[in-house]
Amino acid sequence: MVRYAALKGLYDVDKTIGCGGFAKVKLGTHVATGEKVAIKIMEKNALGDDLPRVKMEVEALKTLAHQHVCKLYQVIETDSHYFMIIEYCSGGELFDHIVEKNRLTETESRKFFRQIVSAVAYLHSLGYAHRDLKPENVLLDKQQNLKLIDFGLCAKPKGGMQAHLYTSCGSPTYAAPELVLGAKYLGSEVDIWSMGVLLYALLCGFLPFDDSSIENLYRKILSGKYDEPSWLSCSSKRLIRSMLQTDPKKRITIQELCNHPWITAGFLNPVSFKKNTNFEKDKEVLVTMSAICHEDREHIWQKLMEGSRTDYRTATYLLLLDRKLRGLPLRLSSASRTHFRGKLSVENTPKADRNMSNFITKLDQSPGNRMLCKSPVIDTTYTMLQKPLETDKNTENDFTEPNIPVRKRLRSKDEDDAASPIPTKKSTDQEKNPATPKTPQGTDFKGNLSSTPGSARKVMLGFERGLNRVRHVLTPKRRAKNENTDPDQPVLLSGKGLCNISSTSSDCPKQVLAQLRRALHRKGISCRQKGFVLLGETESISCKPEPKTGKDNARPFSARSACSFELEVCLVDGLSDAKPLVGIRRKRLKGDAWVYKRVCEEVLALASDGDETAQLSASNTESNCLI
Ligand SMILES: Nc1ncnc2c1ncn2[C@@H]1O[C@H](COP(=O)(O)OP(=O)(O)OP(=O)(O)O)[C@@H](O)[C@H]1O
């Protein structure tokens, strides 16, 4: 297991919770506060030409302070890695939420969409365009509030929001016509188009413009023609039309959007936001930190304001503030004292932190001193870590001293376009040999993706719903939770609050595994097996990468990139009085979310009914046991 020495003592690193084209994201715990965080880890070598994306993301997130923009707590740079410590969003991607429900109601869509509008209006007011708005880049927190992530493609044009941008970037299915044409464009206008696609996806459960061939996709986008399903209300149709206007000058503006009747329906106010870039100054949080640092709270505040806004102190302040906003008592764990004492060397440590370590030493030597810190609470429930920090042989070479490595400030490029271009219509028109041969609908994923047959879509939905109204199915031995060390047994999950799980009517996990393997094989998807997990990978489809052009020298990517995903056979417990059920957990690892959705739907459909020995069953079929 890779361990990250640079995080030692600062953050405990847990499982991987997401992967992107550039980063691996792990769940972590901020040692001082015990709060969960997400740690976005990027390998410098792997970033190559995409380094500006990281810098852009850090620069933007350092400035932004909005309740629907994912917070950046800290950045750590080592010789080999960047670590971005960000707010942990435990509710998953908005995309998964759409898939789980098939599509959202107008009321739920409105609630979510208002939050997106508020975040985007805020960004635009500060001169930023996001340029990669899509449901995969919108996460949900525990309270089901949205948080915008992935600012790697954002732009802050020097001349403000009325200055044109030139690099076509983002995800092709969300790209505005002017991006497809490779024309100059305004960041605010392309964001509005993407939001139109996003709103359509929320209300419909599929994309307005979609095609396995990039040529056809672009043709559809440029035509601006899409289906309007019968369930859309007149008001939502009108709103979507005003956003999906092919002529950017006729497209609704963000200000108009904030006041649109569909947006305000059922709410007393239009969408609003505070044009804030500073942390809120909170006395109680400063007092808590002061008790640990032995520093005047005004001094701590001053340091926070003067500092990089991406250090451990900032992270501690922001996480304490989060706790306070959630109504939790403010506390700093005893483990953090050890960290402050052991980790910060005199040379590399700001004066304030040296004070902090002095104070902690005193505290440790004289337990009575702890009484000084009456309010706020200093949590002493954690045991003190007195051991010296040992050198970890398994770690990166950049951190052998028990010091925080000097954090280099990430410089930002002045140009707006630290971005990856999408292939534009111009470039694809020029391609001599654009497409791989078309395959019949739903047959394979090697070269072309077909649209999902309705039945397959139903199967996935049926599975999702079935899980909530399951009677009973099988009789495997009940095992204790987390007792999954036996490689012959699948993981046992508690049924409450699960998402991305499909139920089956089989009582034999191995049989389900075999059926899935066969289905993947029949779909032409290469797959590797590890225990009860199948790792599937589709091949990239029909789009030649564009040669590198333009001033930003950014990496082009294919239109509907390959996707990799996991299907894990598991046992799901606690749904009824009956024995655990055999389920299939899906997880997108990389690539286009809609491609992934379609692949999963078709593989599950095939596994459920394509084989005479199949025991998989959708809940909405009459056979077998699921209700
Ligand atoms: N703050 C977070 N909390 C929980 N999960 C997260 C968080 N940030 C990212 N993730 C998960 O990790 C995945 C990858 O993150 P992210 O999109 O930031 O990486 P990336 O490499 O920049 O992606 P892309 O290739 O789309 O640019 C996300 O899709 C999400 O599932």
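Residues numbered from 1 in each chain as written. Predicted model: local features only at pLDDT ≥ 70, side-chain atom pairs only at ≥ 80, totals over all residues. Heavy atoms only, no water.

Draft legend 1. Quick peek at the site of the ligand. Neighbouring the ligand are 23 residues; Gly21, Lys40, Arg53, Glu87 and Glu93 lie closest to it. At 2.8 Å, a side-chain N or O of Arg53 approaches an oxygen atom of the ligand. One of the side-chain N or O atoms of Glu93 is found 2.8 Å from an oxygen atom in the ligand. Protein contacts shield 88% of the accessible area of the ligand, which totals 620 Å² for the unbound molecule. Of all the secondary-structure elements, those providing two or more residues to the shell around the ligand are strand E1 (11-19), strand E3 (35-43) and strand E5 (81-87). Looking at side-chain class alone, the shell around the ligand contains 12 nonpolar, 4 polar and 7 charged residues. (Near = heavy atom within 4 Å. Polar contact = N/O pair within 3.5 Å; in protein donor to acceptor, adjacent residues only side chain to side chain. Areas by Shrake-Rupley, 256 points an atom, 1.4 Å probe, with all protein chains shown as cover. Helix = DSSP H or I, 4+ residues; strand = E, 2+ residues; numbered from the N terminus. Nonpolar A, V, L, I, M, F, W, Y, C, P; charged D, E, K, R; others polar.)

Draft legend 2. Representation of the pattern of salt bridges. Applying the stated criterion across every chain yields a total of 25 salt bridges. Close ionic contact of Asp132 with Lys134 constitutes a salt bridge, the shortest N to O distance being 3.9 Å. The shortest N-O distance in the salt bridge between Lys249 and Glu189 comes to 2.7 Å. In this pair, Lys249 sits in the loop between helix H8 (234-243) and helix H9 (254-258) while Glu189 sits in helix H6 (residues 187-204), placing the two residues 60 residues apart along the sequence. Judged by its relative accessible area of 60%, Lys249 falls in the exposed class. Here the residues in one salt-bridge network are Lys71, Glu87, Lys147 and Asp322, joined through shared partners. (Salt bridge = Lys/Arg side-chain N within 4 Å of Asp/Glu carboxyl O. Buried < 20%, exposed > 50% of the residue type's maximum accessible area, 1.4 Å probe, protein only.)

Draft legend 3. Focus on helix H19 (residues 593-609). Taking 1.5 Å of rise per residue, the 17 residues of H19 would be expected to cover 24 Å, and the 24 Å separating its terminal C-alpha atoms lies within 8% of that figure. Of all 17 residues in H19, 16 are buried, a share of seventy percent or more. N-cap assignment for H19: the residue whose side-chain oxygen lies 2.7 Å from the backbone N of Trp594 is Asp592. (Expected span 1.5 Å × (residues − 1).)

Draft legend 4. Spatial organisation of the pairing of E5. Within E5, 7 of the 7 residues are buried, which leaves the element mostly enclosed by the surrounding structure. Pairing geometry for E3 and E5, over 7 bridges, is antiparallel. Bridge pairing in E5 links Ile41 to Phe83. Here strand E4 (residues 72-77) runs beside E5; their pairing, made up of 5 bridges, is antiparallel. (Pairing = 2+ DSSP bridges.)

Draft legend 5. Region of the structure containing the pairing of strand E10 (residues 526-530). By the bridge criterion, 5 bridges tie E10 to strand E11 (residues 533-537) in an arrangement that is antiparallel. Each residue of the ladder has a partner; that of Lys530, found in E11, is Val533. Where E10 hands over to E11, the hairpin turn is made up of 2 residues, of which Gly531 adopts a positive phi near 60°.

Draft legend 6. The arrangement of the sheet that holds E4 in detail. Across the sheet, 5 strands lie side by side as E1-E2-E3-E5-E4; this open sheet has antiparallel pairing. The open sheet is flanked by E1 and E4, the only strands paired with a single partner. Between one strand axis and the next, the sheet turns through 25° on average, direction left out of account. In this sheet, E3 lies alongside strand E2 (residues 24-30) in antiparallel orientation, the contact comprising 7 bridges. From the neighbouring strand, His30 faces E3, where its bridge partner is Glu35. Packed on one face of the sheet, helix H2 (residues 51-63) meets E3, E4 and E5 and runs near 35° to E5. Each of E1, E2, E3 and E4 is contacted by helix H13 (residues 312-325), which is oriented at about 155° to E4, the strand it contacts most. (Axes fitted to C-alpha atoms, helices over the stretch in contact; angles between N-to-C directions. Contact = heavy atoms within 4.5 Å.)

Draft legend 7. Fine view of the confidence of the model for the protein. With 68% of its residues at a pLDDT of 70 or more, the protein has an overall mean of 74. Throughout residues 431-455 the model reports pLDDT below 50, and contacts reaching past four residues in sequence, or to other chains, amount to 51 contacts. Scored below 50 in pLDDT, residues 611-627 makes 52 contacts in the model with residues more than four places away or belonging to other chains. Per the prediction output, this complex has pTM 0.73; the corresponding ipTM is 0.97. (pLDDT = per-residue confidence, 0-100.)

Draft legend 8. Molecular detail of the state of the cysteines. Counted by the stated rule, this structure contains 0 disulfides. Cys70 takes part in no disulfide bond, and the closest cysteine sulfur to it belongs to Cys89, at a distance of 4.1 Å. Of the residues examined, Cys70 reaches a relative accessible area of 4% and is grouped as buried. The thiol of Cys600 is not disulfide-bonded; the next cysteine sulfur, from Cys563, is found 7.2 Å away. (Disulfide = S-S within 2.5 Å.)

Draft legend 9. Seen up close, unusual backbone geometry. Although it is not a glycine, Gln144 sits at a positive phi angle of roughly 65°. In this fold, Gln144 is placed in the loop between strand E6 (138-140) and strand E7 (146-148). Non-glycine residue Asp150 carries a positive phi angle of around 60°. Mapping Asp150 onto the fold places it in the loop between E7 and helix H5 (177-180).

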